[in-house]
Amino acid sequence: MNNSIVVVLAASAIFYGTPLVFASVGELLAERSGVLNLGVEGMMLIGAVTAFWSVQHLSGPDWVVLLLATLIGGLAALSVSLIHAVLVVGLRANQIVSGLALTIFAGATGLSSYVGNVARLGGQPAKHEFIGLNVFGLQDLPVAGPILFHQNALVYASWALVIVVLAYLYRTRTGLHLRAVGESPETADVMGVNVARYRYAHTLAGGLLAGVGGAYFSLAITPNWIDGMTSGAGWIAIALVIFAFWRPELTLVGAYLFGLFSSLGFVLQARQVHLPPEVFASLPYVMTVVVLVVVSTGWAKQRLGAPAALGTPYVREER
Amino acid sequence: MIRIQRRQTTPRWLLFAVPVLSLVAAFIASAAILLIADKDPLATYQRIFDRAFFAPGALTGTLVTATPLLLTGLAAAAAFRMRLWNIGGEGQLYLGAVGASGVGIALQHQSAPILIGGMVVGGLVAGAAWAVIPGLLRAYLNTNEIITTLMLNYVAGLVLLYLIFDSQSYWRDLSTFTARQFPQGKVLADAASWPSFDLQFAIVPFGFVLGILAAIALWLVYRSTVFGFQVRVLGDSRAAARYAGIKSRRVIVAMMALSGALAGLGGASEVGDFRHVLDPRGLQQAGLGYAGIVVAALARYNPLAVPVVAILIGGLANAGYSLQGPDFPAGLVGVLQGTILFFALGGELLVRYRITFASRSPAPAAAAGT
């Protein structure tokens, strides 16, 4: 029963969707403060390469090394997101071009590739990797076992993250201030909220989470390092924020949907369904376009939930 | 006390000084990255510039890498000027290569002018058609074009792979046993090779000449056509465009088609000038569409500045290819390009705002937050 195609698909949708959860919740935090960061792909690749470097060079028990490596991946991505923050918050640069520049700087054929090549990480098998846990000893439970109780630690961490961010956004004063900064920075400023500080902090938080999402690629999905290994996941994460109407709980739905599309190819191929591999490979991208079209028309015409100040610099003198 | 005020007018010299200073600053900042990796920055830069511009034949090689960047740079500059964020130059270039090589195979027994003209048209049309998809979605359904153009890049890359590796398509060479075992595209007839012009110090590819003509044409379109005027109004203020009765949907679709056609021409030139075959891996490794965005941003979306920047960035890329190896790892060129762009973006602040260091005490009435 646990080998039935539905169970396998559900379990792997969660497995492949998890990096998208981290990255899109991070992007959501940045966008809620009014900063659009198109550098997610680049930040994820930095996270992937630094986390992989860490597992190869640190020694210790599995869980310590993996925890440290994930943190290092996150912090490395955070530090490149600082460039974007300085440019768009401090220097009022165009957010779209700056984000693209970040992806070019950090992404495939950029810094992540440079680091990976200088450190000769290509072709090495990972010394430590995230593996499926046996939570409460329930992994053999029919249906729910493989889907809910046999995932890796980062999957459970992503669920905790969504709950924490939900509580933060809607149940705390800082969360309220954050939403004010994204909707109407003028009002927030009058309330005594430091707009620039909120934007810096949440852009950096977005970088940290994108880095963790990237680490998931090199520590859980492939366990190795390949140049450009996230292959567009960062961009899908940005689309997911729109898809989720800027609500953290909905990023889970979107991410797992896309995880499903990513895994459909592998699962069907293993079951002798023959179609050109490109058809499956293009599914996540085509579906992103389709979903965006649906979301941006008809019942969702009002740009539901988009922070009103998204993409615009806040200049107090020009209020 | 530092004060930042919006400039009413920008001095002309600043428009030149800022990009040049950005370049210098970027090279200084990238030196830090080289030092961390234990490389000598000065020696590395010297080798880059030597291989890009000064060594025998270097300039010819640089023009080869600059040609697609010139065209994808113009594609991005055209669309970005009206704040239409076409990030899909990469995919539009792939489709342009598909279109041009398709026409090249179909007309292979025709005379060279017809064949080459057909390839140019094939590239333009295929690139435009691919770009019109997100254009229509943006214009009529208000779908964010940044994401759709980007997603279509990945789809276009898969189309390339499918045509050569996983199908018996028109583009694939199936004539010999080896070709069936090791998939590759049909090699075009000799007459389909685009001409080049030997200027003694460098050989200029036909595609580069087309790019220069396109740059001048684009500049004229902005300057003295109704369409160009509408594009500029839309770029500066959507609201003003609405009051002026500009049909923004049509302009958006037309601009996406124009932008896609330019990128598609870049793909046609890759086939006609250099590769003479539809080569999925080669096209995808180069990242020509994304680099075009760097070119456009550094040129401040000015079509006449695009060729200069394309030669500069093309030179970097050319040096990157020829130096790549253990002591010149892949990725360095992207780091340099990104850093240059960061500094150019930061430098924009100087162009748009006046920064003054005034003494703290006499605060004039006009200053500070009201």
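Residues numbered from 1 in each chain as written. Chains lettered and ligands numbered in written order. Predicted model: local features only at pLDDT ≥ 70, side-chain atom pairs only at ≥ 80, totals over all residues.

Student: When you look at unusual backbone geometry in this model, what are you seeing that I'm missing?
Tutor: It is generally the case that most residues other than glycine have a negative phi and that most peptide bonds are trans. Residues and elements named next belong to chain A. Within the chain, Phe136 stands out as a residue other than glycine whose phi angle is a positive 55°. With respect to the helices, strands and loops of the structure, Phe136 is situated in the loop between helix 5 (111-118) and helix 6 (144-148). You can call Phe136 exposed: it has 8 C-beta atoms within 10 Å. Of note, Pro223 is a non-glycine position whose phi angle comes to about 20°, a positive value. Summarising the element assignment, Pro223 is placed in the loop between helix 10 (195-221) and helix 11 (233-243). (Helix = DSSP H or I, 4+ residues; strand = E, 2+ residues; numbered from the N terminus. Buried ≥ 20, exposed ≤ 12 C-beta atoms within 10 Å, placed from the backbone.)

Student: Can you walk me through the packing of helix 3 (residues 62-90) of chain A against helix 4 (residues 95-106) of chain A in this structure?
Tutor: Between two packed helices, both the angle of their axes relative to each other and the distance between the axes serve to describe the pair. All names here are of chain A. Helix 4 packs onto helix 3 with a crossing angle of 155° between their chain directions and a minimal axis gap of 10 Å. Our classification of the angle between helix 3 and helix 4 gives roughly antiparallel. Note on packing geometry: the crossing formed by helix 3 with helix 4 is right-handed. Residues Val80, Ile83, His84, Leu87 and Val88 of helix 3 touch helix 4, and the partners they reach there are Gln95, Ser98, Gly99, Leu102 and Ala106. (Axes fitted to C-alpha atoms, helices over the stretch in contact; angles between N-to-C directions. Parallel < 35°, antiparallel > 145°, perpendicular 65-115°, else oblique. Left-handed = near helix turned anticlockwise from the far one by under 90°. Contact = placed C-beta atoms within 7 Å.)

Student: When you look at the interface of chain B and chain A in this model, what are you seeing that I'm missing?
Tutor: Put simply, an interface is often sized by how much accessible area is lost when its parts join up. Each partner contributes to the interface: chain B provides 43 residues, whereas chain A provides 43 residues. Within the residue set of the side of chain B that touches chain A, elements represented by two or more residues are helix 5 (112-141), helix 6 (145-165), helix 13 (288-298) and helix 15 (332-352) of chain B. No other element matches helix 15 of chain B, which puts 13 residues into the side of chain B that touches chain A. In terms of residue class, the side of chain B that touches chain A is built from 27 nonpolar, 13 polar and 3 charged. (Nonpolar A, V, L, I, M, F, W, Y, C, P; charged D, E, K, R; others polar.)

Student: Please clarify how the nonpolar core should be interpreted in this entry.
Tutor: The nonpolar side chains of soluble globular proteins are, as a tendency, buried together. Within the largest apolar cluster, 205 residues are counted, with the highest numbers of intra-cluster contacts made by Leu219(A), Leu74(B), Val295(B) and Val306(B). Discounting residues that sit within four places of it in the chain, Val295(B) has contacts with Leu69(B), Gly73(B), Val306(B), Val309(B), Ala310(B) and Ile313(B). Within the second largest apolar cluster, 6 residues are counted, among which are Ala180(A), Val181(A), Val195(A) and Tyr198(A). (Core = buried A, V, L, I, M, F, W, Y, C linked by C-beta atoms within 7 Å.)

Student: I tried to follow the environment of Asn224(A) on my own but got confused; where do I start?
Tutor: Residues and elements named next belong to chain A. Mapped onto the fold, Asn224 is located in the loop between helix 10 and helix 11. Residue Asn224 is classed as partly exposed on the basis of its C-beta count, with 17 C-beta atoms lying within 10 Å. C-alpha of Asn224 to C-alpha of Leu148: the two residues are 76 residues apart in sequence and 25 Å apart in space. Sequence-distant contacts of Asn224, defined by excluding residues within four places in its chain, comprise Gln124, Pro125, Ala126 and Ser218.

Student: Help me understand the environment of Gly47(A) in this model?
Tutor: Residues and elements named next belong to chain A. With respect to the helices, strands and loops of the structure, Gly47 is situated in helix 2 (residues 40-57). Of the residues examined, Gly47 has 39 C-beta atoms within 10 Å and is grouped as buried. Along the backbone, Gly47 and Phe217 are 170 residues apart, and their C-alpha atoms lie at a distance of 9.1 Å. Setting aside its immediate chain neighbours within four residues, Gly47 contacts Gly73, Gly74, Ala76, Ala77, Ala210, Gly211, Val212, Gly213, Gly214 and Ala215.

Student: Is there a simple way to think about the packing of helix 2 of chain A against helix 10 of chain A in this case?
Tutor: All names here are of chain A. With their axes 6 Å apart at the nearest point, helix 2 and helix 10 run at an angle of 55° to one another. Regarding the angle of helix 2 to helix 10, the classification is oblique. In this structure, helix 2 meets helix 10 at a crossing whose hand is right-handed. On helix 10, the residues touching Val40, Met43, Met44, Leu45, Ile46, Gly47, Ala48, Ala51, Phe52 and Val55 of helix 2 are Gly207, Ala210, Gly211, Val212, Gly213, Gly214, Ala215, Phe217, Ser218 and Leu219. The residue inventory of the contact of helix 2 with helix 10, partitioned by class, reads 14 nonpolar, 6 polar and no charged.

Purely spatial values, then, with no claim about function.
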